[in-house]
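Chain by chain, the residues run as shown.
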Amino acid sequence: MSAPIETSRVIIVGAGLAAQYAALKLAPRPVLVISPEPLGTGASSAWAQGGVAAAMDPADSAEAHARDTVSAGAGTVDAGVAEAVTKEARDHILDLTGLGTPFDRTEDGSYVMSREAAHSFARVVRVRGDQAGAEIMRALTAQLREAAHVQVLEGVMATALEVSEGRVTGVAVARCNAGLSASVVLRGAAVLLAGGGSGGLYALTTNPPRIRGQVIGMAARAGAQIADAEFVQFHPTAIACGIDPAPLATEALRGDGAVLINRHGTRFMLDAHPDAELAPRDIVARAVYAQTQAGLAPALDTRAAIGAAILTDFPAVAAACQKAGLDPVTQPIPVAAAAHYHMGGVATDGSGQSSLPGLWACGEVASTGLHGANRLASNGLLEALVYGRRCAQAIDAALPAPAPAQEVRLPQLAPTEPPDATLVAELRQAMTDGAGVIRTAEGLTRTLASIARIEAAQPGCEALANMTATATLIAAAALARRESRGAHFRSDYPEAVGETGQRSRMTLAEGLVIRAAATTREEPA
Ligand code: SIN
């Protein structure tokens, strides 16, 4: 391995909303952003269609937003976190506007708001219907490219954390723009993880192809506590067209009146929940999943409520339909429940500090207590903003006064074996089969045994080990939680135990003990 590279820059792993916002807020402190793709592409944030939840309407309030967040989270949201985050929301929307995000406005200049499931008010600020994520990222990326304190390494991914005497001291990185190279360690002033969630660990997902739990996994492998790993949110209306990842049909369509029907034309949500299509996301996802399993071909019918306006008002959905050979103006859009957002992640405190000194985390990779067992729609981008800024402030406060820093240059790095594509496909299928929308002890045990076998089949591959670490934590925490709560549904324990539940915390070492026991049970006698 090449010799470690020392830098006084703060190293940020990831380049989505939380990463870019934190990088801007760290100014003038020198920052190094590690971005596997060209800046502004490839992160989940750029694919977010709905927008940012914020009580911007004078008739709405941060208190009502916090109440909805707590109620959707099924008894495990940290109410103090929800109150503080929703209170900050307005400030971040004004900030993003100032940074150039062209939010939809009415003639009198107010923000246009979308309604999404489980919100008691239309409070999602948006850009041209479904363009919020793409436009916010466009605005921030333009700012970051101009920022003198920021260096971006594109086509580079983190593979592991360096820990010395219990403190995170650096990040091993590899080139990934053409195959995968060997790694070199970068030692920086601090490390901030903001590299997204784990939806792509599932065979059916709405997440960009690279988002496969690698960053949670590298924190877990370094010894960080992981919180709420079992809580994976499935989006009910991924477009079921055989494309991987599955394109999203935003919940805002249902907010505008689109309905869910099956192949008999029956609106199945009417019997499932009093709020029908606008019920909490976990309930709609399970109903859609049940229809799929029963061969009833669930579909989102936008025809009566939205009609031809879908082509102009929801351009991303219209483009996805066109790519899939569907015409949403004349036909219902086939849908399926797909892994969408990980409520669990690196356990962090109110300033984004992880359980390991020197390591902070924000965005989907972190678990702050905001989302509980079921994230309220469009609270993900909000959390990324709030904790992106808090991490920047906390890191700045923890370090000596900033001084100018040299550019970091990576040496030549020899090519190495990327994760075996067949093993990755097997891992994703094992997660969908046993740790998906409906879980049982038997299915989770089988999945844990599969993860162990897949990990052992390519020893020494850090990128695969990061994925299997996160997969292990999801399945082990799901096996340990013998109840159903929010997005975590066990058909062998279908009730919640008590009105409120405990958040879970697990280290990888603890997850591996559960996996070893499961693997032993799965071995033939
Ligand atoms: C959507 O637009 O349906 C997704 C919004 C979110 O996941 O927050």
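Computed from a prediction, not measured in an experiment: that's the story for all the values here.

Rules behind the numbers
Residues numbered from 1 in each chain as written. Predicted model: local features only at pLDDT ≥ 70, side-chain atom pairs only at ≥ 80, totals over all residues. Heavy atoms only, no water. Salt bridge = Lys/Arg side-chain N within 4 Å of Asp/Glu carboxyl O. Buried < 20%, exposed > 50% of the residue type's maximum accessible area, 1.4 Å probe, protein only. Helix = DSSP H or I, 4+ residues; strand = E, 2+ residues; numbered from the N terminus. Contact = heavy atoms within 4.5 Å. Near = heavy atom within 4 Å. Polar contact = N/O pair within 3.5 Å; in protein donor to acceptor, adjacent residues only side chain to side chain. Areas by Shrake-Rupley, 256 points an atom, 1.4 Å probe, with all protein chains shown as cover. Nonpolar A, V, L, I, M, F, W, Y, C, P; charged D, E, K, R; others polar. Pairing = 2+ DSSP bridges. Axes fitted to C-alpha atoms, helices over the stretch in contact; angles between N-to-C directions. Parallel < 35°, antiparallel > 145°, perpendicular 65-115°, else oblique. Left-handed = near helix turned anticlockwise from the far one by under 90°. 1 Å grid on protein atoms, 1.4 Å probe; cavity = no way out; pocket = protein on both sides within 12 Å on 5 of 7 lines; lining within 4 Å. Points joined across faces, edges and corners; volume = space filled by probe spheres on them.

Colleague: Residues and numbers for the pattern of salt bridges, please.
Modeller: If you walk through the whole model with that rule in mind, you get 29 salt bridges. Residue R128 pairs with E135 through a salt bridge whose shortest N-O separation is 2.8 Å. For R128, a relative accessible area of 43% corresponds to the partly exposed category. Taking relative accessible area as the criterion, E135 reaches 10% and is therefore assigned buried. Linked through salt bridges whose partners overlap, the residues forming this network are E88, D91, R389 and R390.

Colleague: Account for the environment of A305, with residues named and values stated.
Modeller: Structurally, A305 is set in the loop between β16 (299-301) and α9 (310-313). Since its relative accessible area comes to 39%, A305 is described here as partly exposed. C-alpha of A305 to C-alpha of R115: the two residues are 190 residues apart in sequence and 14 Å apart in space. Every residue in contact with A305, bar those within four places of it in the chain, is listed here: D256, G257 and A258.

Colleague: Pulling in residues and values, what's your account of helix α2 (residues 62-72)?
Modeller: Considered for burial, the residues of α2 that qualify are A62, A64, H65, A66, D68, T69 and A72. On its buried side, α2 packs onto β4 (52-53), α3 (79-98) and α11 (379-398). Count one or two residues on from α2 and you reach A74, which has phi positive near 60 degrees.

Colleague: Break down the site of the ligand for me, with residues and values.
Modeller: Surveying the vicinity of the ligand reveals the residues Q49, G50, E116, H235, L248, T250, E251, R281, H340, R375, A377 and S378. Contact between the ligand and E251: an oxygen atom at 2.7 Å from a main-chain N or O atom of the residue. Within the side chain of R375, an N or O atom sits 2.6 Å from an oxygen atom of the ligand. Relative to its free-state accessible area of 260 Å², the ligand is covered by the protein chains to the extent of 93%. Among the residues forming the shell around the ligand, the class breakdown is two nonpolar, six polar and four charged.

Colleague: Just give me the short version of the side chain of H273, but keep the residues and values in it.
Modeller: Tracing the backbone through its elements, the reader meets H273 in the loop between α7 (269-272) and α8 (281-293). Reaching out from H273, the side chain makes a polar contact with the backbone nitrogen of D275 at a distance of 2.9 Å. With sequence-adjacent residues up to four places away left out, H273 is seen in contact with A279, P280 and I283.

Colleague: Could you give me a rundown of the sheet that holds strand β15 (residues 259-261), with the residues and numbers involved?
Modeller: An order of β14-β17-β16-β15 is seen for the four strands of this open sheet, with the pairing classed as antiparallel. The outermost strands of the open sheet, each flanked by one partner alone, are β14 (232-239) and β15. The sheet shows a mean angle of 45 degrees between the axes of neighbouring strands, direction not considered. Bridge count between β14 and strand β17 (residues 333-342): six bridges; the pairing is antiparallel. Counterpart to V232 in the pairing with β17 is H342. Strands β14, β15 and β17 of the sheet are contacted by α8, whose axis makes an angle of about 55 degrees with β14.

Colleague: Outline the packing of α2 against α3, listing residues and values.
Modeller: The contact between α2 and α3 brings their axes to 8 Å, and the two run at 140 degrees. Between α2 and α3, the angle falls in the class oblique. At the point where α2 passes α3, the crossing takes the right-handed sense. Contact residues: α2 offers A62, H65, A66, T69 and V70, while α3 offers A79, A82, E83, T86 and K87.

Colleague: Can you break down the layout of surface pockets residue by residue, with the values?
Modeller: Taken as a whole, the second largest pocket spans an internal volume of roughly 260 Å³. Lining the second largest pocket are 14 residues, and of these R210, Q214, P418, P419 and M467 lie nearest its centre. Grouping the constituent residues of the lining of the second largest pocket by class yields ten nonpolar, two polar and two charged.

By themselves these figures say nothing about function.
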